[in-house]
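# Analysis of the macromolecular model
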Amino acid sequence: MKRQMPSTREIEQEIVGRVKTMFRKDFEMATKEEIYRACAEVVNDVVIDNWLTTQKSFVQQDPKCVYYMSMEFLIGRLLGNNMINMRGYTEVMDALDELGVDINEVEDQEPDPALGNGGLGRLAACFLDSLATLQYPAYGCGIRYHYGMFKQKIEDGYQQEVPDNWLQTRYPFELQRTEYEFEVRFGGWVRYDSQPDGTTKYIHEGYNAVIATPYDLPVTGFDNGMVNTLMIWDAKPKEVFRLDSFEKGDYSRAVEDMNLARNLTEVLYPNDNHIQGKELRLKQQYFFVSASIQRALAKYLRYHKDIKKLPEKVVFQMNDTHPTLTVAELMRILMDVHGLGWDEAWEITTHCVAYTNHTIMSEALEKWPQDIFKRLLPRVFMIVEEINRRFCDEIRAKFPGDEDRVHRMAILADDQVKMAHMAIAASYSVNGVAALHTEILKNVSLHDFYEMYPEKFNNKTNGITQRRFLMHGNYKLSDWVIKKIGRGWITDLSQMKKLESFVDDKKSLDEFMAIKLDNKKRLAKYIWEHNGIEVDPNSIFDVQVKRLHEYKRQLLNILHVMYLYNQIKENPEMDFYPTTFIFGAKASAGYENAKLIIKLINNVAAVINNDKSIDDKIKVVFIEDYRVSNAEWIFAAADVSEQISTASKEASGTGNMKFMLNGAVTIGTMDGANVEMYQELGGENIYIFGMSSDEVIAHEKNNDYNPVDVMNGNHHIQKVLQQLVNGNYSIDNPELFRPLYNSLLNTQCTAKADTYFVLKDFASYCETYEKIQEAYKDKYKWAKMALENVAHVGKFSSDRTIQEYVDDIWHLDKLDLK
Ligand code: H53
């Protein structure tokens, strides 16, 4: 039986009661943090009852279950999310109101669990939300990083990274489960033992071991009593450091084990779409993969005898190549622990694992040096060698005489272990994350593999959860939509189509835009409090928030702002609708150009915002520490959504969908899921510019793009590029932005220039932007366009995505919770 949240009155009493018992305080004396903790316990109480009921149904119904294997889960704060999903948000808000406390301030006390970098990690969190809402049994499997994504401080325009110690105080939503601990082994060597029956036993010796301890977090479904589990693994030494091991001469082993455990889960690597190839990262991968498989198999074997039937009950979805060790580790456990032969183990493994590819960027493709891999995981490496040997034979059988192809596709080649190749060789499904991306995988980047296994390839266009990104982040719009079309969209986003009947109704459009204005005021206040910049809520809010990466082209955006500023300076009377350009982005700590782009944005902001002569026509704001919690407010306040990646490079994008859901109009390239947004919206409700992916790919292939030619033909570009290096935006150090200038023009001839076609797309971007300016002046035209975006967002719910994964790949059974 689903347990409901109590009434407002009861919640109020419970909060007061909890404050008393937890902190020995009268409510009036409690800090905001203590009130947050009390609220969390009130909500937890309901969540845990439902968690127990869900577990009981699991045992009774024995459904097939997906293990979503991911190095990242960018879950964001859970209090608000759980209150929404338990249908108790308003009740808690009212109860707190009665007690004279603002719910936003209480929610603000929760650390933002930032166990991910960007799109990939947030997608995993949206998927868990949808799985629980659709009542599908699922476990998220990840790592309990002690330090999540760093906090970003901007000092003198530069990004500074500050550690994110989210576990400094106890996190109220996690539950340590020591009863599900497992051992994970690293290093050592493998001894062969011939058995009397002619088989060989492989014995792993001389290893270092750690104990993996899971912490379970509840994943609540919307209004259905379903609570799935996200297990994040922490490490501890197998044996606490003991003096007797010192006496036994094992001192260094004991210290090694302790250090290994201490380092393993310490920190999330802060790279998005870029792999650094650090040994510790490979250890992290093996650690959580091994522990998760062990727990999954233990759970399976508690209720089933026949390990060969594992694929009937278990599927491991590998989120990018990061958890690809799942393939070899599952093989190892099936053979070395459960005594199966190679063929039996391979049969099971290849029916249990599926792989999602999230990028075509070559720097994101994981390749591990074989020597490191072998030293760290000697037995697993042997298995990879055998997988590779058999896989190469299979290629030869299908394409006789084509040794080039064998070399291109091999898992072990060029002294490296190619993780994507192993993932594809073993998975029964390989999917891309947007239609265009999947086509590029099939026809270009994974073409060899597509020719070998066409049946494995499929597309699953990404999605987002409307519960967090509308109901929680933009409750005013959410309430308005409920008033207009009812509540069905909360679990069936396609119902947003019903808003079509209001797109020509001026009264409705007025209401809709009044909500946008309120949200802009909320963000303007945030900007004032955090940046000390006054922005006009009546100006156009033009927003680009996402990770800083050259392919995402924040540089194109800021160069365009510099161009607009030049235009206004040259023609002060020019007709220009005041616009606030808002940026938010973290750069990987070692990514020099990305960090310099942040500095450029901040310097441009300083110059423009302080230039009285332009009458506040342009304001530029860089929002510090962009993260899930402030993102919700930013999406709600946006008029224009910037989705301007170089066509073919953004696999899907999910920010684009969050803006659309909140009624922003997109300016974007035909890249990733923008293409499908265009199809859903029709050309009138989205602004498309720039080269197509085919054109980009052709230029890359032919190597025939010369940015200098583009510059020579466009004096606006010449001017902004000059301003990059003449001290206009860096008076003290005119050379400061030279590396960006060089990256575009390559005057040094050290590398390829303008890899991401910023200059090539510049003119088209400027022209298209003028149309946005024009459109915004017509209030109802704009309002209609914005509402059309909400009305056509249905496809981009992660509920739709998850249903497709279930239908085509996972084949899960819904849990009956009655
Ligand atoms: O994954 C998102 C996509 C987005 C893509 C992103 C991503 C990462 O965040 C990290 C690594 C990686 O390979 C891909 O860049 O386009 O929307 C979810 O699929």
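The rules behind these values
Throughout this document, residue positions are counted from 1 along each chain, in the order its sequence is written. Per-residue local features are limited, in this predicted model, to residues with pLDDT of at least 70; the limit for side-chain atom pairs, both in listing and counting, is 80 or more; totals at the level of whole chains, interfaces and linings are taken over all residues. Values reported for side chains reflect all heavy atoms of the structure, with hydrogen atoms and water molecules removed beforehand. Secondary structure is summarised from DSSP: a helix means a run of H or I of at least four residues, a strand means a run of E of at least two, and numbering begins at the N terminus for each. Just to be clear, the radius of gyration here is over C-alpha atoms, and the globule rule we use is 2.2 Å times residues to the power 0.38. Each residue's exposure class comes from its accessible area (1.4 Å probe, protein chains only) as a fraction of the maximum for that residue type: buried when under 20%, exposed when over 50%, partly exposed otherwise. When checking whether two residues touch, look at their non-hydrogen atoms; a contact exists if any pair is within 4.5 Å. Here the open area of atoms and residues is found with the Shrake-Rupley method and a 1.4 Å probe, where only the protein chains shown may cover a residue. Positive charges come from Lys and Arg alone, negative charges from Asp and Glu alone, with His and the N- and C-terminal ends not counted. Every charge is mapped to an atom, namely NZ of Lys, CZ of Arg, CG of Asp or CD of Glu. Following DSSP output, two strands are said to pair if at least two bridges run between them. A patch consists of residues exposed above 30% relative accessible area that lack any salt bridge, with like charges linked at up to 9 Å and nonpolar side chains (Val, Leu, Ile, Met, Phe, Trp, Tyr) linked at up to 5 Å. Put simply, a salt bridge is a Lys or Arg side-chain nitrogen that is within 4 Å of an Asp or Glu carboxyl oxygen. Centres within 6.5 Å are what make two rings of Phe, Tyr or Trp a pair, Trp counting through its six-membered ring; a difference in plane orientation under 30 degrees is then read as stacked, over 60 as edge-to-face, and the rest as tilted. Our definition puts a charge over a ring when NZ of Lys or CZ of Arg is within 6 Å of the ring centre and also within 35 degrees of the ring normal. Proximity is defined per residue: if any heavy atom of the residue lies within 4 Å of a molecule or strand, that residue is considered near it. Here a polar contact is taken to be a pair of N or O atoms separated by no more than 3.5 Å, where protein atoms must pair a possible hydrogen donor with a possible acceptor and residues adjacent in sequence count only if both atoms sit in side chains. Segmentation of the chain into domains, including their bounds, is taken from an automatic or database domain assignment. The convention used is that axes are lines fitted to C-alpha atoms, helices contributing only their stretch in contact, and that angles between N-to-C directions extend from 0 to 180 degrees. Crossings are assigned a handedness: left-handed for a near helix turned anticlockwise from the far helix by less than a right angle, right-handed for a clockwise turn. UniProt positions are given in the numbering used here, feature names are shortened, and annotations may be inferred rather than shown by experiment. Note on terms: buried area is the combined drop in 1.4 Å-probe accessible area of two parts once they are placed together, counting the loss on both.

### Some thoughts on the overall build of the protein chain
- Looking only at helices and strands, the protein chain features 33 helices and 23 strands.
- Its C-alpha radius of gyration of 27 Å places the protein chain within 12% of the 28 Å reference for a compact globule of 818 residues.
- When its C-alpha atoms are laid out on the principal axes, the protein chain stretches across 95 × 70 × 55 Å.
- Burial statistics for the protein chain: of 818 residues in total, 62% are counted as buried.
- A fraction of 77% describes how many contacts in the protein chain between residues 6 or more apart in sequence connect residues 24 or more apart.
- Of the roughly 31,200 Å² of accessible surface on the protein chain, 49% is carried by carbon and sulfur atoms.
- Both charge centroids of the protein chain, one from 96 positive and one from 120 negative side chains, sit 3 Å from each other.

### A closer look at the sheet that holds strand S14 (residues 412–413)
- If you trace the three strands from one edge of the open sheet to the other, you get S13-S15-S14, paired in antiparallel fashion. Either end of the sheet is taken by a strand with one partner, and the two such strands are strand S13 (367–369) and S14.
- The sheet contact formed by S13 and strand S15 (residues 416–418) spans three bridges and is antiparallel. The residue of S15 that forms the bridge with Trp-368 is Val-417.

### Section: the sheet that holds strand S21 (residues 640–643)
- The six strands are arranged S20-S19-S18-S21-S22-S23 in an open sheet whose pairing can be described as parallel. At either end of the open sheet lies a strand with only one pairing partner, and these are strand S20 (618–622) and strand S23 (687–688).

### A short note on a negative patch on the surface
- A grouping of Asp-94, Asp-97, Glu-98 and Asp-102 is seen on the molecular surface, where their side chains present a negatively charged patch.
- Among the structural elements, Glu-98 can be located in helix H4 (residues 89–98).
- Residue Glu-98 is classed as exposed on the basis of its relative accessible area, which comes to 60%.

### Let's talk about the packing of aromatic side chains
- Within this structure, the stated rule accounts for 28 aromatic pairs.
- Taking the centre distance of 5.4 Å and the plane angle of 65 degrees together, the rings of Tyr-192 and Tyr-202 count as edge-to-face. Here Tyr-202 lies in strand S8 (residues 200–205) and Tyr-192 lies in strand S7 (residues 189–194), a separation of ten residues in the sequence.
- We classify Tyr-202 as partly exposed; its relative accessible area is 30%.
- Considering the side-chain rings of Trp-480 and Phe-512, the 5.5 Å spacing of their centres and the 35 degrees angle between planes classify their relative orientation as tilted. Linking Trp-480 in helix H20 (residues 475–485) with Phe-512 in helix H21 (residues 506–531), this pair joins segments that are 32 residues apart in sequence. Considered together, Trp-480 and Phe-512 belong to a single accessibility category, that of buried residues.
- For the cation-ring pair, Lys-520 lies above Phe-541, with the distance from its terminal atom to the ring centre recorded as 5.1 Å.

### Regarding unusual backbone geometry
- Positioned with a positive phi, Asp-616 is a non-glycine residue whose angle comes to about 60 degrees.
- Checked against the element boundaries, Asp-616 lands in the loop between helix H23 (592–609) and S20.
- One non-glycine residue, His-811, lies in the positive phi region at around 50 degrees.
- Looking at where His-811 falls in the secondary structure, it is placed in the segment after helix H33 (798–810).
- Classification of His-811 by relative accessible area gives partly exposed; the value is 47%.

### Structural notes on the site of the ligand
- Taken together, 15 residues surround the ligand, and among them Asn-273, Asp-320, His-358, Glu-650 and Gly-653 come closest.
- Between the ligand and Gly-119, the relevant distance is 3.5 Å, taken from an oxygen atom to a main-chain nitrogen or oxygen of the residue.
- Note that an oxygen atom of the ligand is positioned 2.5 Å from one of the side-chain N or O atoms of Glu-650.
- Expressed as a share of its isolated accessible area of 430 Å², the protein-covered part of the ligand is 97%.
- Mapped onto the domain boundaries, the shell around the ligand takes at least three residues apiece from domain 1 (62–77 + 112–462 + 803–810) and domain 2 (466–691 + 758–791).

### Quick look at the packing of helix H29 (residues 715–725) against helix H30 (residues 738–745)
- At a closest axis distance of 8 Å, the pairing of H29 and H30 adopts a crossing angle of 145 degrees. Regarding H29 and H30, the two cross each other, and that crossing is left-handed. Note on element contacts: H30 touches H29 through Arg-738, Leu-740, Tyr-741, Leu-744 and Leu-745, opposite Leu-721, Gln-722, Leu-724 and Val-725.

### Quick notes on the pattern of salt bridges
- All chains considered together, the criterion is met by 65 salt bridges.
- In this structure, the salt-bridge partner of Asp-45 is Arg-18, at a minimum N-O distance of 3.9 Å. Note that Asp-45 is positioned in helix H2 (residues 32–61) and Arg-18 in helix H1 (residues 8–23), a separation of 27 residues in sequence.
- Relative accessible area serves as the criterion here: at 32%, Asp-45 is assigned to the partly exposed category.
- Taking the shortest distance from any N to any O, the salt bridge between Lys-777 and Asp-575 comes out at 2.9 Å. Here Lys-777, found in helix H31 (residues 758–777), pairs with Asp-575, found in the loop between helix H22 (554–570) and strand S19 (579–584); they are 202 residues apart in sequence, far enough to count as distant.
- When its relative accessible area of 31% is taken as the criterion, Lys-777 is described as partly exposed.
- Sharing partners across several salt bridges, the network here consists of Asp-343, Glu-386, Arg-389, Arg-390, Asp-393, Arg-396 and Glu-403.

### A word on the UniProt feature "modified residue: N6-(pyridoxal phosphate)lysine" (unreviewed entry) in the protein chain
- The UniProt feature table records "modified residue: N6-(pyridoxal phosphate)lysine" (unreviewed entry) at Lys-658.
- Relative to the helices and strands, Lys-658 resides in helix H25 (residues 655–661).
- Taking relative accessible area as the criterion, Lys-658 reaches 6% and is therefore assigned buried.
- Look past the residues within four positions of Lys-658 in its chain and what remains in contact with it is Arg-122, Ile-464, Phe-469 and Phe-635.

### So, the domain arrangement of the protein chain
- The domain architecture assigned to the protein chain consists of domain 1 (62–77 + 112–462 + 803–810) and domain 2 (466–691 + 758–791).
- Summarising the inter-unit geometry, the C-alpha centres of domain 1 and domain 2 are found 36 Å apart.
- Contact with domain 1, which involves 43 residues of that partner, is made by 41 residues of domain 2.
- Between domain 1 and domain 2, a total of about 3,200 Å² is buried, with carbon and sulfur atoms accounting for 55% of that surface.
- For the interface between domain 1 and domain 2, the tally reads four salt bridges.
- Across the pair Arg-467 and Asp-129 runs a salt bridge whose closest N-O atoms are separated by 2.8 Å.
- Scanning the region where domain 1 abuts domain 2 turns up 21 residue pairs in polar contact (both at pLDDT 80 or more).
- Elements that contribute at least two residues to the side of domain 1 that touches domain 2 include exactly helix H6 (119–133), strand S3 (151–155), strand S4 (158–162) and helix H17 (435–445).

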